[in-house]
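One letter stands for each residue in the lines below.
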Amino acid sequence: MNILLTGGAGYIGSHTAVALASAGYTPIILDNFCNSDKSVLKRLEKIIQKPVACVEGDVRNTSLVEKVLREHEINAVIHFAGLKAVGESVQKPIEYYANNVQGTISLLDAMRSANVKNLVFSSSATVYGDPQYLPIDEHHPLSATNAYGRSKLHIEEMLKDLAASDPAWKMMCLRYFNPVGAHQSGLIGEDPSGIPNNLMPFIQQVAVGKLPKLKIFGNDYDTIDGTGVRDYIHVMDLAEGHLAALSHLSKNPGWSTFNLGTGKGSSVLEMIAAFESSTGAKIAFEYVPRRAGDIASCYAAVDKAQAALSWSAKRTLEEMCASGHQWQNYRHSFV
Ligand code: NAD
Ligand code: UDP
């Protein structure tokens, strides 16, 4: 089976390409490299031990996408391509709607023309807004507080409308919680440009001396130790969730949503402790005021994915931290 990965050169897409190849699928990447580096392809090929087909281009180029779908005889698409920085989305809403929403419309248009109607979409736990209860299940009310989150909501709704219009479409929205860590080879991983916005890449850069200390955004939340709690999931577990999704998709027409998380929340201090114990590195930190828009706690109900996809996250916090550290050490060596 040939699977098109839009945004496949990025963090989650590259790990999913590895998982697909080891399960016998053929991944084909379409990426415009606006947030990834072409060198990832050579590193991917080293892991997979096979050439990886990659087309450089934008998902908004509908005729190019249609050509790729036809020429590579694509069976299903996993749509990772998009912009993902919450803060930036508030400053640049047009860019976010153009890339994420318009990009998806273009992809769907091309898929319809090429008669490829199987789609797995990268959604996010951000569509749940400020949690009204925990753990968050798929029935939790949806809301958005920024352009990034609203772009994901718009896309989910668009896919639902499309599924209702034509029973040939099979579509799944996977709502990722907080992917962290890296492939065990240490050759691929999250590679943010500039100062990282997210906790784990920040900790990883403090550990290798690239940044002096972590600023913890608030220690007065109603959580186990006052710091924010999130559901961190190993990126390889997340990648394998896409394999489970593809196999579910083949038997289930229509539209569905699934949480991909571990079901377990960890605080910032617990993440620092896990990182220190699994790597031996020391993470200097200081407390600073809360970050605007942050929520206290967020973690997934994972029963639906367990029951319907026969998938659950397996890897530990220590494995997430150790693999992320290994990748950062490698990445730091060629900066
Ligand atoms: P990433 O930025 O590492 O990867 C996205 C890739 O898409 C990049 O390689 C980028 O160059 C490419 N891209 C962007 N716009 C494109 C376009 N118009 N045409 C072609 N390629 C384009 O991000 P990621 O962390 O791998 O995230 C993948 C998807 O998962 C995104 O849709 C993101 O919103 C979603 N998601 C990510 C997280 C997370 O914490 N990483 C959490 C929830 C959801
Ligand atoms: N966080 C922090 N310092 C940072 C980055 C994040 O204290 O430099 C905290 C943040 O307040 C939240 C948790 O770490 O409680 C996870 O933040 P991240 O941005 O990684 O994920 P998100 O908040 O988007 O789920």
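In what follows, the structure referred to is the one given above.
Quick caveat, the model's predicted, so the values are computed rather than measured.

Colleague: Honestly, the packing of aromatic side chains in this entry has me stumped. Any pointers?
Modeller: Aromatic ring pairs: the centre-centre distance and the angle between the two ring planes describe each pair. In total, this model carries 3 aromatic pairs according to the counting rule given. Where Phe285 meets Tyr287, the ring centres are 5.6 Å apart and the plane angle is 70°; that geometry is what we call edge-to-face. Under the relative-accessibility criterion, Phe285 is labelled partly exposed at 35%. Measuring from ring centre to ring centre gives 6.1 Å for Trp327 and Tyr330, while their planes differ by 45°; the resulting arrangement is tilted. Taken together, the residues Trp327 and Tyr330, both in helix H11 (residues 317–333) and 3 residues apart, mark about one turn of the helix.

Colleague: What's the story with the nonpolar core in this structure? I'm lost.
Modeller: The biggest cluster of nonpolar side chains holds 43 residues, and the ones touching the most others in it are Ile3, Leu20, Leu44, Ile78, Leu174 and Leu246. Among the secondary structure elements, those contributing two or more residues to this core are strand S1 (2–6), helix H1 (11–22), helix H2 (39–48), strand S4 (76–79), strand S6 (170–176), helix H8 (235–251), strand S11 (254–260) and helix H10 (303–309). Per-element accounting of this core gives the leading share, 9 residues, to H8. The contact partners of Leu20, leaving out residues within four places of it in the chain, are Ile3, Leu5, Tyr25, Pro27, Ile78, Leu243 and Leu246. Core analysis: the second largest hydrophobic core is formed by 28 residues, Val77, Ala81, Phe121 and Cys173 among them.

Colleague: Before we go on, may I ask you to explain the pairing of S4 in this structure?
Modeller: Within a regular strand, side chains alternate between the sheet's two faces. Side chains Ala76 and Ile78 of S4 all project onto a buried face; the interleaved residues Val77 and His79 project onto the opposite face, where all are buried too. Strand direction decides the pairing type here: S1 and S4, joined by 4 bridges, are parallel. Its bridge partner being in S4, Leu4 is matched across the sheet by Val77. Relative to strand S5 (residues 118–124), S4 runs parallel, the two being bridged by 3 bridges. By the bridge assignment, His79 is partnered in S5 with Phe121.

Colleague: Can you help me understand H8 in this one?
Modeller: One full turn of an α-helix is made of 3.6 residues, so residues set three or four places apart face in the same direction. With 17 residues, H8 extends 25 Å from end C-alpha to end C-alpha; this agrees with the ideal 24 Å at 1.5 Å per step. The buried fraction of H8 is high, at 13 of 17 residues.

Colleague: Is there a simple way to think about the side chain of Gln205 in this case?
Modeller: Relative to the assigned elements, Gln205 resides in helix H7 (residues 199–207). For Gln205, the contacting residues outside a window of four places in its chain are Pro192, Pro196, Lys210, Leu211 and Gln328.

Colleague: Explain the site of ligand 1 here, please?
Modeller: The environment of ligand 1 is formed by 28 residues, the closest being Asp31, Asn35, Ser36, Lys84 and Tyr148. Between ligand 1 and Ser36 there is a distance of 2.7 Å, counted from an oxygen atom to a side-chain nitrogen or oxygen. One of the side-chain nitrogen or oxygen atoms of Asn99 is found 2.8 Å away from a nitrogen atom of ligand 1. The protein chains hide 95% of the 820 Å² of surface that ligand 1 would expose on its own. A total of 3 residues in the shell around ligand 1 trace back to one element, the largest contributor, which is S5.

Reading the values: the criteria
Residues numbered from 1 in each chain as written. Chains lettered and ligands numbered in written order. Predicted model: local features only at pLDDT ≥ 70, side-chain atom pairs only at ≥ 80, totals over all residues. Heavy atoms only, no water. Phe/Tyr/Trp six-rings, centres within 6.5 Å; stacked < 30°, edge-to-face > 60°. Buried < 20%, exposed > 50% of the residue type's maximum accessible area, 1.4 Å probe, protein only. Helix = DSSP H or I, 4+ residues; strand = E, 2+ residues; numbered from the N terminus. Core = buried A, V, L, I, M, F, W, Y, C linked by side-chain atoms within 4.5 Å. Contact = heavy atoms within 4.5 Å. Pairing = 2+ DSSP bridges. Expected span 1.5 Å × (residues − 1). Near = heavy atom within 4 Å. Polar contact = N/O pair within 3.5 Å; in protein donor to acceptor, adjacent residues only side chain to side chain. Areas by Shrake-Rupley, 256 points an atom, 1.4 Å probe, with all protein chains shown as cover.

In short, the description is geometric, and any link to function would need to be established separately.
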